[in-house]
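Commentary on secondary and tertiary structure
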Amino acid sequence: MKRIAALIMALCLMMSMTVALASDTDYGPDNPFLPGVDYSKPYRDYGAVPAQLNFGKLKVSDAQKGNTSNAKTVTTMSAVEMENILLGDEYMFYVFAKHQTSKSVPKHTVNTMLVLQDPYGNYFTSYDSLSVAGTGSGYRYSGLSKFYDIEMSLLRCILHNGELPRGEYILTMYYDNQFFRATSFTLT
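Residues numbered from 1 in each chain as written. Predicted model: local features only at pLDDT ≥ 70, side-chain atom pairs only at ≥ 80, totals over all residues. Heavy atoms only, no water.

1. Side note on the packing of helix α3 (residues 79-87) against helix α4 (residues 151-161)
Our working rule: Inter-axis angles, ranging from 0 to 180 degrees, are taken between N-to-C directions of lines fitted to C-alpha atoms, where helices are fitted over the stretch in contact. The helix and strand labels rest on DSSP assignments: H or I over at least four residues marks a helix, E over at least two residues marks a strand, and numbering proceeds from the N terminus. Between 65 and 115 degrees an angle is taken as roughly perpendicular, under 35 as roughly parallel, over 145 as roughly antiparallel, and anywhere else as oblique. When the near helix sits turned anticlockwise from the far one by under a right angle, the crossing is termed left-handed; a clockwise turn instead gives a right-handed crossing. Contact criterion: two residues are considered in contact whenever any of their non-hydrogen atoms come within 4.5 Å of each other. Residues are sorted three ways: Asp, Glu, Lys and Arg are charged, Ala, Val, Leu, Ile, Met, Phe, Trp, Tyr, Cys and Pro are nonpolar, and all the rest, Gly among them, are polar.
Viewed as axis vectors pointing N to C, α3 and α4 meet at an angle of 120°, and their least axial separation amounts to 11 Å. In terms of their interaxial angle, α3 and α4 are classed as oblique. Taken as a pair, α3 and α4 cross one another with a handedness that is left-handed. The segment α3 lies against α4, with M82, E83 and L86 engaging E151, L154, L155 and I158. The residue inventory of the contact of α3 with α4, partitioned by class, reads 5 nonpolar, no polar and 2 charged.

2. Re empty space enclosed by the protein
Over the atoms, a rolled probe matching the size of one water molecule traces out where space is still vacant. For the record, the criterion: Here the term cavity refers to a set of points on a 1 Å grid, laid over the protein atoms alone, in which a 1.4 Å probe fits but cannot get out; the term pocket refers to an open set having protein on both sides within 12 Å along at least five of seven lines, with lining residues being those that place an atom within 4 Å of a point. Grid points are joined across faces, edges and corners, and a volume is the space filled by probe spheres set on the points.
What the rule picks out here adds up to 1 cavity of 30 Å³ or more. Here the residues of the lining of the largest cavity sort into 6 nonpolar, 3 polar and 1 charged.

3. Some words on the side chain of S153
What counts here: With a 1.4 Å probe rolled over the protein chains alone, any residue whose accessible area is under 20% of its type maximum counts as buried; one over 50% counts as exposed, and the rest are partly exposed.
Position of S153 among the secondary structure elements: in helix α4. When its relative accessible area of 2% is taken as the criterion, S153 is described as buried. Beyond its immediate sequence surroundings of up to four residues, S153 is in contact with L116, F124, T125 and S126.

4. Quick look at the pairing of strand β8 (residues 167-175)
Going by this rule: When DSSP finds two or more bridges between two strands, those strands count as paired.
Burial of β8 is extensive: 7 of the 9 residues sit out of reach of the surface. As paired strands, strand β5 (residues 108-117) and β8 are joined by 6 bridges and run antiparallel to one another. Across the sheet, residue V115 finds its bridge partner in β8, namely T172. Two elements, β8 and strand β9 (residues 178-187), share 9 bridges in a ladder whose sense is antiparallel. Note that in β9 the partner of I170 across the bridge is S184. Between β8 and β9, which pair antiparallel one after the other, the connecting turn spans 2 residues, and D176 there sits at a positive phi close to 50°.

5. Topic: the sheet that holds β8
Strand order in the open sheet formed by 5 strands is β3-β9-β8-β5-β6, with mixed pairing between adjacent strands. The open sheet is flanked by β3 (76-77) and β6 (123-132), the only strands paired with a single partner. Lying on the sheet, α4 is in contact with β5, β6, β8 and β9; it crosses β6 at an angle near 170°.

6. Some words on α4
What α4 keeps buried is the set E151, S153, L154, R156, C157 and I158. Positive backbone phi, at 85°, marks G162, one or two positions downstream of α4.

7. Section: the side chain of D62
As a reminder, the rule being used: Two residue types count as positive, namely Lys and Arg, and two as negative, namely Asp and Glu; His and chain ends fall outside the count. By salt bridge we mean one thing: a side-chain nitrogen of Lys or Arg within 4 Å of a carboxyl oxygen of Asp or Glu.
The topology assignment puts D62 in helix α2 (residues 60-65). Although D62 lies buried, it forms no salt bridge, and the closest oppositely charged side chain, K65, sits 4.8 Å away as judged by the N-O distance. The contact partners of D62, leaving out residues within four places of it in the chain, are N67 and N70.

Next up, the structure:
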């Protein structure tokens, strides 16, 4: 009886180790694209026109106060500097998306998918949503915008590669599985 209990205990320990080891892959690259979905179709719901998709950094204290006027767009940066910023607590990285509509819009939610592609072609994805307040007929949004957090994707890229690889990174935003806009930045 003691042998059976010991075998069951050993089996339980082995199974828990397998689960623990498998969870490490959660930090690896993604394959965010579902088969059979045409992600190249442009997002044009309610006459939407993508106006901006910017990658940048902002002081955390400014973000907490809602002061985004000091946000700085990043197109080129040192990989070491970006890693230091990610490990510190003074600045944060974001993606700013903005679009305009040409028609009245009912109250609805847009599911967003932000895909970071590293220089090796690996994808690191974050998901969010955009709540849109409805508007009456004849009115259109002059610019519906939102800041999206990109830091977890950047940290997952570091964990997967051991560092932030130097080269071009591509950020692509999808609204409801439709192409919104893409932008890029380079790490030196």
